[in-house]
Amino acid sequence: MKKLVIIIFITGLIASCGSGDKKAKLEKLKQQSSDLLEQIKKLEDEIALSGDTTISNLKTKDISIKPITFETFKHFIDVQGRVDGDENVTVSAKMAGAVDHILVNEGDEVSEGQVLAELDNSVFKQSLEELKNALAFASDVYEKQKNLWDQKIGTEIQFLSAKNNKESLEKKISTLKEQMELSKIKSPINGVVDGIDIKIGQSVMPGVPAIRVVNLNKLKAKAEISESYASKVKKGNDVIIFLPDLNKEIPSKIFYTSKVINNTTRTFSAEADLDSQNQDYRPNMIAVLKVVDYHKDSAIVVPLNLVQHSGTSEYVYIVGVKNGKEIAIRKDITLGQVYNGKAEIITGLNLNDKLITSGYLDLTEGVLIKY
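The text that follows walks through the structure, step by step, so that each part is easy to find. Note that the structure is predicted; figures quoted are calculated from it, not measured.

Cut-off values and rules
- Residues numbered from 1 in each chain as written.
- Predicted model: local features only at pLDDT ≥ 70, side-chain atom pairs only at ≥ 80, totals over all residues.
- Heavy atoms only, no water.
- Helix = DSSP H or I, 4+ residues; strand = E, 2+ residues; numbered from the N terminus.
- Buried < 20%, exposed > 50% of the residue type's maximum accessible area, 1.4 Å probe, protein only.
- Contact = heavy atoms within 4.5 Å.
- Pairing = 2+ DSSP bridges.
- Expected span 1.5 Å × (residues − 1).
- Axes fitted to C-alpha atoms, helices over the stretch in contact; angles between N-to-C directions.
- Parallel < 35°, antiparallel > 145°, perpendicular 65-115°, else oblique.
- Left-handed = near helix turned anticlockwise from the far one by under 90°.
- Nonpolar A, V, L, I, M, F, W, Y, C, P; charged D, E, K, R; others polar.
- Core = buried A, V, L, I, M, F, W, Y, C linked by side-chain atoms within 4.5 Å.
- Salt bridge = Lys/Arg side-chain N within 4 Å of Asp/Glu carboxyl O.
- Phe/Tyr/Trp six-rings, centres within 6.5 Å; stacked < 30°, edge-to-face > 60°.
- Lys NZ or Arg CZ within 6 Å of the ring centre and 35° of its normal.
- Polar contact = N/O pair within 3.5 Å; in protein donor to acceptor, adjacent residues only side chain to side chain.

1. Thoughts on the overall build of the chain
Turning to step 1, where the next piece is worked out: In terms of helices and strands, the chain carries four helices and 20 strands.
Turning to step 2, where the next piece is worked out: Buried residues in the chain amount to 33% of all 371 residues.
Turning to step 3, where the next piece is worked out: Long-range contacts, defined as pairs at least 24 residues apart, comprise 72% of the intrachain contacts of the chain with a sequence gap of at least 6.

2. Considerations on the pairing of strand β16 (residues 313-322)
Turning to step 1, where the next piece is worked out: As judged from the three bridges shared by strand β15 (residues 308-310) and β16, these two strands associate in the antiparallel manner. Bridging from a neighbouring strand, Ser310 pairs with Ser313 of β16.
Turning to step 2, where the next piece is worked out: What sits between the antiparallel neighbours β15 and β16 is a turn of two residues, in which Gly311 has the positive phi angle 65°.
Turning to step 3, where the next piece is worked out: Alignment of β16 against strand β17 (residues 325-339), held across nine bridges, turns out to be antiparallel. Looking at β17, one finds that Gly320 is bridged to Ile327.
Turning to step 4, where the next piece is worked out: Linkage of β16 to β17, two consecutive antiparallel strands, is achieved through a turn of two residues, within which Asn323 is found at a positive phi near 50°.

3. Here we look at helix α4 (residues 156-181)
Turning to step 1, where the next piece is worked out: With 26 residues, α4 extends 38 Å between its outermost C-alpha atoms, agreeing within 8% with the 38 Å of an ideal straight helix rising 1.5 Å per residue.
Turning to step 2, where the next piece is worked out: Looking at α4, one finds that the buried residues are Phe159, Ala162, Lys166, Leu169, Ile173, Leu176 and Met180.
Turning to step 3, where the next piece is worked out: Against the buried residues of α4 lie α3 (122-150) and β7 (184-186).

4. Observations concerning the sheet that holds β7
Turning to step 1, where the next piece is worked out: Strands sit in the order β7-β6-β4-β9 across an open sheet of four strands; the sheet is antiparallel. Two strands bound the open sheet, and with one partner strand each, they are β7 and β9 (203-204).
Turning to step 2, where the next piece is worked out: Direction of pairing for strand β4 (residues 97-102) relative to β9: antiparallel, over a ladder of two bridges. Following the sheet pairing, Gly97 is matched in β9 by Val204.

5. Examining α3
Quick reminder: α-helices carry 3.6 residues per turn. Residues three or four places apart thus point the same way.
Turning to step 1, where the next piece is worked out: Its 29 residues place the ends of α3 41 Å apart at the C-alpha level, agreeing with the 42 Å of an ideal helix rising 1.5 Å per residue.
Turning to step 2, where the next piece is worked out: Residues Phe124, Leu128, Leu131, Leu135, Ala138, Ser139, Tyr142 and Gln145 constitute the buried set of α3.
Turning to step 3, where the next piece is worked out: Elements in contact with the buried residues of α3: α4.

6. Focus on the packing of α3 against α4
Turning to step 1, where the next piece is worked out: Relative to each other, α3 and α4 sit at 155°, their axes nearing to 8 Å. Comparing the axis directions of α3 and α4 gives the class roughly antiparallel. In the packing of α3 onto α4, the handedness of the crossing is left-handed.
Turning to step 2, where the next piece is worked out: Among the residues forming the contact of α3 with α4, the class breakdown is 15 nonpolar, six polar and nine charged.

7. Here's the deal with the nonpolar core
Turning to step 1, where the next piece is worked out: Leu116, Ile185, Ile198, Ile211 and Val213 are the most contacted members of the largest nonpolar core, which has 26 residues in total.
Turning to step 2, where the next piece is worked out: The greatest single-element share of this core, amounting to five residues, is contributed by α3.
Turning to step 3, where the next piece is worked out: Within the second largest apolar cluster, 22 residues are counted, among which are Leu219, Ala221, Leu243 and Val291.

8. Comments concerning the pattern of salt bridges
Turning to step 1, where the next piece is worked out: This structure, assessed with the given rule, holds 13 salt bridges.
Turning to step 2, where the next piece is worked out: Ionic pairing is found between Asp332 and Arg330, a salt bridge with its closest N-O pair at 3.3 Å.
Turning to step 3, where the next piece is worked out: For Arg330, a relative accessible area of 31% puts it in the partly exposed group.
Turning to step 4, where the next piece is worked out: Linked through salt bridges whose partners overlap, the residues forming this network are Glu181, Lys184 and Lys186.

9. Quick word on the packing of aromatic side chains
Turning to step 1, where the next piece is worked out: Applying the stated criterion to the full structure yields four aromatic pairs.
Turning to step 2, where the next piece is worked out: Look at Phe76 and Tyr339: their rings are 5.2 Å apart centre to centre, the planes differ by 45°, and that puts the pair in the tilted class. Of the two residues, Phe76 is situated in strand β3 (residues 70-92) and Tyr339 in strand β17; the sequence distance between them amounts to 263 residues.
Turning to step 3, where the next piece is worked out: For the cation-ring pair, Lys166 lies above Tyr142, with the distance from its terminal atom to the ring centre recorded as 5.5 Å.
Turning to step 4, where the next piece is worked out: Positioned above the aromatic ring of Phe242 is the side chain of Lys290, whose terminal nitrogen or guanidinium carbon lies 5.5 Å from the ring centre.

10. Topic: the side chain of Thr267
Turning to step 1, where the next piece is worked out: If you trace the backbone, Thr267 turns up in strand β13 (residues 267-273).
Turning to step 2, where the next piece is worked out: Only 2.6 Å separates the side chain of Thr267 from the side chain of Thr265, close enough to count as a polar contact.
Turning to step 3, where the next piece is worked out: Excluding residues within four positions of it along the chain, Thr267 makes contact with Glu224, Ile225, Ser226, Glu227, Val260, Ile261 and Asn262.

11. Structural notes on the side chain of His75
Turning to step 1, where the next piece is worked out: Checked against the element boundaries, His75 lands in strand β3.
Turning to step 2, where the next piece is worked out: In terms of polar contacts, His75 uses its side chain to reach the side chain of Asp293, at 2.8 Å.
Turning to step 3, where the next piece is worked out: In this structure His75 touches Val291, Val292, Asp293, Tyr294, Gln337, Val338 and Tyr339, once residues within four positions along its chain are discounted.

Okay, here's the thing in structure tokens:
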């Protein structure tokens, strides 16, 4: 019946149009047809709500609902970082030379000051032996000159010369021993040998990485964060550390944020503690820091896909009642924060409202519904 009325109406209009601009007239007719269908639909809904069931083509829309409740809503800033050791150092030689001994293996636990490797110091050893022999002779001469001087035999110049020669050799030996210590590569921290980048016989230079030592008792997650978040990411913020390789999330807190913005990357550093007892965590492992920058304990939260848009406004559909029948009601809403497919609703919804969660895409205001 509805289509027949529209066809008769359009036929009459075409007959009255004459031979004018047919395209323009066709567009006008389509618009008028659309308006007619909308009016017919509105009248059908009103008749249905009044209790008149004589119109056979009225339908009830099947939907699903979810009652509105308060829940905790958190907004996160996601940034990729890495696992790092609070004490993660690369040890290098302090002098040039060839590697003579490597005294540790990867995985060995070492203590602060422990010798990890030695460079060839045979020249120093030879010089030290020569100086020790010279010192032994100079010491004998000094003792004899001292005994003679104590007995007022000999000259003061002879005594002082012997004493000076002995002390000079002692200082040279002390200096040479300090130089020999430079040939030893020592661990500056307590930790575990994580990597050895040198081989016996290899020539090394000061500053070139030789052995890496990591203190696994002090692990952390570290990331560089855009300066636009400088006012939001602070010491004490809750953070979830996600390790993709382990598919694991660890709750923690930001314990450090740098005060200086990197002039090149326009970022600042943020660090959070990791449970160092877990042996699965490895330095340089990828870590995603999810920093909480907004938190509300009692918020109305809806799936973002339920929110529809009309111009500059957003709305959802809820269940309403009119004349004892349940109908779809459009509710304009104000969105707050949005994260991970969920939206915080500031205004427009109330506790216990029945939110329509399926069948909402082709709903219109006032349509009969069932669930």
